[in-house]
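Descriptive structure summary
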Amino acid sequence: QVQLVESGGGLVQAGGSLRLSCAGSGSIFSIGTMGWYRQAPGNERELVALTTNGGETNYADSVKGRFTISRENAKNTVYLTMNSLKPEDTNVYYCFANVQIRGSGKYTATWGRGTQVTVSS
């Protein structure tokens, strides 16, 4: 079994910064793409940022230049550094990883439980 556990969410004023972390644990053989999505109540989950295990990154237009995604492969961990936060960034942020479980020949999409980010104006 594999778990992704997010941390680092909270309440911040507009213009402030937060750093989210997501650590994978369990029977992990390898991890491919990792990333972050966000979802507000009543809305669909949307992509924030992705990173491949080769270091390529992809960002939503709304966060380009403000958010940075990074990862530590040895720790099965992905980070999201969020600067210049805006009230519209308020959401639940979910960690995502494409995980190859030990003994399995395929990758499985895996999600964390989410962490709340609230930006006050």
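A brief look at the structure comes next. (Residues numbered from 1 in each chain as written. Predicted model: local features only at pLDDT ≥ 70, side-chain atom pairs only at ≥ 80, totals over all residues. Heavy atoms only, no water.)

**What to know about the pattern of salt bridges**
- Under the definition given, this model contains 5 salt bridges.
- Here Asp-89 makes a salt bridge to Arg-38, at a shortest N to O gap of 3.1 Å. Separated by 51 residues along the polypeptide, Asp-89 in the loop between β8 (77-82) and β9 (91-101) and Arg-38 in strand β4 (residues 28-39) bring together distant segments of the chain. The same class applies to Asp-89 as to Arg-38, namely buried.
- For Asp-61, the salt bridge identified is with Lys-64, shortest N-O distance 3.1 Å.
- Through salt bridges with shared partners, a single ionic network connects Arg-38, Glu-46, Arg-66 and Asp-89. (Salt bridge = Lys/Arg side-chain N within 4 Å of Asp/Glu carboxyl O. Helix = DSSP H or I, 4+ residues; strand = E, 2+ residues; numbered from the N terminus. Buried < 20%, exposed > 50% of the residue type's maximum accessible area, 1.4 Å probe, protein only.)

**Overview of the pairing of strand β10 (residues 107-111)**
- As judged from the 5 bridges shared by β9 and β10, these two strands associate in the antiparallel manner. Looking at β10, one finds that Phe-96 is bridged to Trp-111.
- Connecting β9 to the next strand, β10, in antiparallel fashion are 5 residues, including Gly-103 with a positive phi near 85°. (Pairing = 2+ DSSP bridges.)

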